[in-house]
Amino acid sequence: MGVPGLTSYVEGNRQFFQDVKFRDSRLVVDGCSLYFRLYFTNGLDQQHGGDYDAFSFLVSQFLSALAACSIQAYVVLDGGMDPSDKKFSTLRQRLQSRIKDADKLSHGHNGSILPLLTHEVFIQVLTQSRVPVVQCPAEADWEIACLAHQWKCPVLTNDSDFYIFDLPGGYLPLNFFHWTNLNGKAPHHYISARRYTTNGLCRRFGGMNRELLPLCAALTGNDYGRPKGAETLLALIDVSGSGRGGGRGKGKAHPSHIEGLLLWLSSFSGPGEALEEVSRLMGEVDRDGGGRGKRGETGKLSSQLWECMQEYHITPHSSLAHWFSGGRAGPGEQKYGSGQLPECLSQAAAQGLLSSLVLNALVLHRVLLFPQVENIKLASSHCSARVIRQAIYGILLQRAGLGQDVQVQGRGSRAQDVKVRENSQSQRGGRGRGRGPIGVGRGLDQSLPIPQGIGSGQGASAAAVQVQSSSTPVCVEEYDRLDLNLKKNQVEAHPVRTPLCLDTLGQAPVAVRLGVLLEVLGVKESVLASIPLHLRLAVGVTGFWLREASPPPSMPQLHALLLGMVYGELSWNNQPGATHYHHAVPQLNWAAERSVLVGLGKQRVRPGERRGLDLGVAHSFSQWQACLWSALCLNQLLLVPLPEPNISWLFSGSLVHGLVRSLRGGQPAESFLAGGSLCRQLYCSLLDAVKNCKPKAHPSSAASSGRKKRGSRRGRKGRGGGGQRGTEELNNRFSLLMSEEEFDDDDD
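The notes below deal with the structure included here.

1. Re the overall build of the chain
- When its secondary structure is counted, the chain shows 25 helices and 16 strands.
- For the chain, with 748 residues in total, the buried portion stands at 57%.
- Counting only contacts in the chain whose residues sit at least 6 apart along the sequence, the fraction spanning at least 24 positions is 77%.
- A total of about 29700 Å² of accessible surface is found on the chain, and carbon and sulfur atoms cover 49% of it.

2. What about helix α14 (residues 343-350)?
- For α14, the full list of buried residues reads Leu345, Ser346, Ala348, Ala349 and Ala350.
- The elements touched by buried residues of α14 are β4 (133-135), α13 (319-324) and α21 (615-637).

3. Looking at the side chain of Arg366
- By the element assignment, Arg366 lies in strand β9 (residues 366-368).
- Of the residues examined, Arg366 reaches a relative accessible area of 1% and is grouped as buried.
- Only 2.8 Å separates the side chain of Arg366 from the side chain of Asp85, close enough to count as a polar contact.

4. Details of the pattern of salt bridges
- If you walk through the whole model with that rule in mind, you get 16 salt bridges.
- Between Asp53 and Arg604 there is a salt bridge; the shortest N-O distance is 2.4 Å. Highlighted residues: Asp53 in helix α3 (residues 52-68) and Arg604 in the loop between α20 (590-601) and α21, separated in sequence by 551 residues.
- A salt bridge links Glu139 to Lys87, with the nearest nitrogen and oxygen atoms 2.5 Å apart. Taken as a pair, Glu139 in the loop between β4 and α6 (141-151) and Lys87 in the loop between β3 (71-77) and α4 (88-106) lie far apart in primary sequence, 52 residues in all.
- A single network of salt bridges, built from pairs that share partners, joins Asp85, Arg366, Glu477 and Lys488.

5. Brief notes about α4
- An ideal rise of 1.5 Å per residue puts 27 Å on 19 residues; α4 measures up with 27 Å between its terminal C-alpha atoms.
- Those residues of α4 that sit buried are Phe88, Thr90, Leu91, Leu95, Gln96, Ile99, Asp101, Ala102, Asp103, Leu105 and Ser106.
- In this structure, the buried side of α4 is in contact with β9, β15 (475-482), β16 (485-492) and α21.
- Once α4 finishes, Gly108 follows within two positions and takes phi at roughly 85°, a positive value.

6. Some thoughts on the nonpolar core
- Judged by nonpolar contacts, the single largest core of 132 residues is most densely connected at Phe177 and Tyr393.
- Tyr393 has contacts with Leu357, Ala361, Val367, Gln398, Val476, Glu478, Val491 and Ala493, leaving out every residue within four places of it along the chain.
- If you look at the next biggest cluster of nonpolar residues, it comprises 65 residues, including Leu213, Ala230, Trp264 and Leu265.

7. Digging into unusual backbone geometry
- Cis geometry marks the peptide bond from Ala186 to Pro187; its omega dihedral reads 5°.
- Along the chain, Pro187 turns up in the loop between β7 (178-183) and β8 (190-196).
- A cis amide bond, omega 0°, links Ser550 with the succeeding residue Pro551.
- With respect to the helices and strands, the residue Pro551 is situated in the loop between α18 (536-548) and α19 (555-573).
- Despite not being glycine, Asp24 shows a phi value in the positive range, around 50°.
- Take Asp24: its relative accessible area is 55%, and that puts it in the exposed class.
- Phi is positive for Ser70, close to 55°, though the residue is something other than glycine.

8. Some thoughts on the sheet that holds β9
- Here we have three strands laid out as an open sheet, ordered β9-β15-β16, and mixed in their pairing. Among the strands making up the open sheet, the edge pair consists of β9 and β16. Here the strands of the sheet are splayed against their neighbours by 25° on average, with no regard to which way each runs.
- Sheet analysis places β15 next to β16, joined by eight bridges and oriented antiparallel. Considered in β16, the bridge of Asp480 is made with Lys487.
- The sheet contacts of α4 involve β9, β15 and β16, and relative to β16 the element is tilted by about 115°.

9. Thoughts on the environment of Ser302
- By the secondary structure assignment, Ser302 is in helix α12 (residues 301-309).
- Linking Ser302 and Glu284, residues 18 residues apart in sequence, is a C-alpha distance of 8.4 Å.
- Side-chain polar atoms of Ser302 contact the side chain of Ser279, separated by 3.2 Å.

10. Remarks on the environment of Ser303
- The topology assignment puts Ser303 in helix α12.
- Judged by relative accessible area, which is 7%, Ser303 ranks as buried.
- Separated by 28 residues in the primary sequence, Ser303 and Leu275 have C-alpha atoms spaced 8.4 Å apart.

Definitions and limits used
- Residues numbered from 1 in each chain as written.
- Predicted model: local features only at pLDDT ≥ 70, side-chain atom pairs only at ≥ 80, totals over all residues.
- Heavy atoms only, no water.
- Helix = DSSP H or I, 4+ residues; strand = E, 2+ residues; numbered from the N terminus.
- Buried < 20%, exposed > 50% of the residue type's maximum accessible area, 1.4 Å probe, protein only.
- Contact = heavy atoms within 4.5 Å.
- Areas by Shrake-Rupley, 256 points an atom, 1.4 Å probe, with all protein chains shown as cover.
- Polar contact = N/O pair within 3.5 Å; in protein donor to acceptor, adjacent residues only side chain to side chain.
- Salt bridge = Lys/Arg side-chain N within 4 Å of Asp/Glu carboxyl O.
- Expected span 1.5 Å × (residues − 1).
- Core = buried A, V, L, I, M, F, W, Y, C linked by side-chain atoms within 4.5 Å.
- Pairing = 2+ DSSP bridges.
- Axes fitted to C-alpha atoms, helices over the stretch in contact; angles between N-to-C directions.

Rendered as structure tokens:
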């Protein structure tokens with residue numbers, strides 16, 4: 001992320017920063033940078049699959065600290081992969097590194113792996129806290145910079161690219177943003193921070209022209225690589241730098257590569273003069289002795305550097321400002337998903353409510369599957385959810401009723417790869433940035449460009465899409481773990497049995513979309529009827545997991561998972577502000593319910609115990625998370641026919657691992673619920689529903705299956721007699737305890 005070595009250099013020079021008492025201001029927040037920082041610097045669990053409840057609490061604390069200081073945060077998130085492919089090599093390298101880190105953690109060694117559902121939890125907390133948020137189609141750096149420039153407010157991130165962007169409000173590195181210790185007295189609290197501006201850096205080099213900083217980044221390289229020949233140029237500068245008076249003459253010491261490069265650049269009046277010197281040093285002068293300069297031939301280093309520098313060119317107006325002001329449409333013309341997404345899904349994508357997997361599969365026919373802590377000798381945990389992803393690809397890439405499949409033209413003869421054609425008019429780099437503003441907004445007319453460039457059409461690349469016969473298999477490239485290596489797999493899209501067209505998805509009734517979701521999960525709607533609405537997707541996923549996971553999950557693992565869900569429900573309803581629902585069921589002994597909560601909480605694996613990880617348990621729960629993640633993506637694509645579960649209270653890795661240990665030791669699952677009548681009923685209801693999630697039956701056997709089910713509806717597990725009354729009462733009770741917000745998405 002960013003420019004290598006730049007963060008170490010700048011943060012090692014205290015004079016580049018100004019101490020500030022930050023309050024009463026707008027703040028543009030790099031969302032991805034923030035949640036990585038919060039998770040990795042606060043000792044949260046990574047080895048057991050993540051503690052999402054602790055992470056959620058931490059995010060809420062952060063947002064509360066901003067509010068106490070009258071700081072209005074505007075969170076901007078990355079979306080899909082950059083369609084130009086310029087960053088794909090870097091992404092592959094990072095994914096390979098994460099596989100190795102996950103393996104280290106599985107053996108008790110140090111490593112850093114972000115739990116799979118962290119991004120989803122982060123967005124849920126932002127939504128619940130009513131914090132303005134937008135998800136960009138691809139990388140968000142440039143959009144963040146343009147918004148902060150227009151508003152003249154700071155950016156909060158840990159991305160060294162923001163040492164290059166010229167922002168009037170400056171850049172607040174997360175490393176120096178001391179939000180945990182508020183200063184001052186209410187209502188005048190403030191956060192101690194350090195603010196960086198390019199003026200401070202340029203003063204150190206004799207008032208260097210700030211427009212030269214992008215050239216420093218281009219020569220040093222970033223996530224998009226470095227132009228060929230840059231290393232040769234840097235070597236030549238060391239030899240001939242004294243001729244420019246830049247202080248890098250032969251034999252002269254310099255404290256760092258970055259500082260030496262800045263010293264050399266400071267000898268030029270601007271980028272034009274510097275690029276002319278590059279042309280001279282690299283022998284790019286024409287016969288008349290003139291340098292090709294910034295607009296020379298595309299193969300020349302000076303031209304490549306000029307193109308890379310445009311990554312940092314900020315436009316005067318940001319369409320994100322229009323989005324955050326409540327405007328319905330931005331000025332851009334392109335749409336999410338290369339215009340292939342219907343308006344309802346474009347809006348969901350902008351709100352962060354559509355997974356980047358959907359965007360990547362639709363536009364690039366390529367997805368990256370992030371590794372988890374699991375048994376490296378077994379197949380990747382994501383294999384257990386492949387059926388769900390194949391259904392996603394089928395909905396996205398097969399035009400129902402048209403008899404056509406949309407495919408992305410391959411490189412050379414390969415039909416499943418993405419062919420990227422460079423725009424001959426492009427003067428922008430691979431982040432999809434352009435001189436014209438992008439359109440991002442709640443309005444469905446808004447657009448964020450994916451493959452066709454931005455604004456005025458000066459985007460870097462375009463994905464060529466062609467329509468092929470439906471007889472040709474439609475595939476998506478999945479990059480996933482095989483042993484300790486990253487492997488590319490061609491995964492075929494599978495159409496769902498119920499006719500569903502992407503173009504008219506928003507017009508499909510909720511019942512149809514729900515039917516597709518349950519069809520893929522292999523669950524009957526009647527099985528979920530006794531389950532609180534917000535837990536039905538999780539229960540359906542758990543039934544799918546029992547059927548698809550390999551090795552099959554054990555009963556202690558299932559019981560631990562369901563006890564964890566009960567713990568989450570109790571925790572959720574024990575939060576401040578939730579107690580006013582307790583009058584709805586006054587006959588319950590709430591002290592006993594809280595006692596169950598405390599007892600379950602004591603089962604967590606404590607930080608001092610986090611060694612000797614049971615890899616079999618870890619692998620099984622990683623498969624469950626992979627199934628849930630894929631199901632969440634499918635549910636979002638189908639416009640949320642089932643409410644999303646509150647993931648913060650759904651799964652806690654340290655808790656379920658501790659519960660498995662106790663259950664294996666012979667302690668019955670029901671013993672953890674002693675005295676809590678409501679939580680015991682919920683647990684039994686969850687367990688019954690999961691056990692009744694049968695494998696998908698062949699259509700010809702549907703009638704006999706139905707007769708068999710009708711004949712077995714007696715006793716506690718049945719839906720007749722006293723059993724029905726008990727489950728309906730449980731559902732009603734928990735419905736009263738649910739937050740009203742969870743029904744907001746059920747108004748289709």
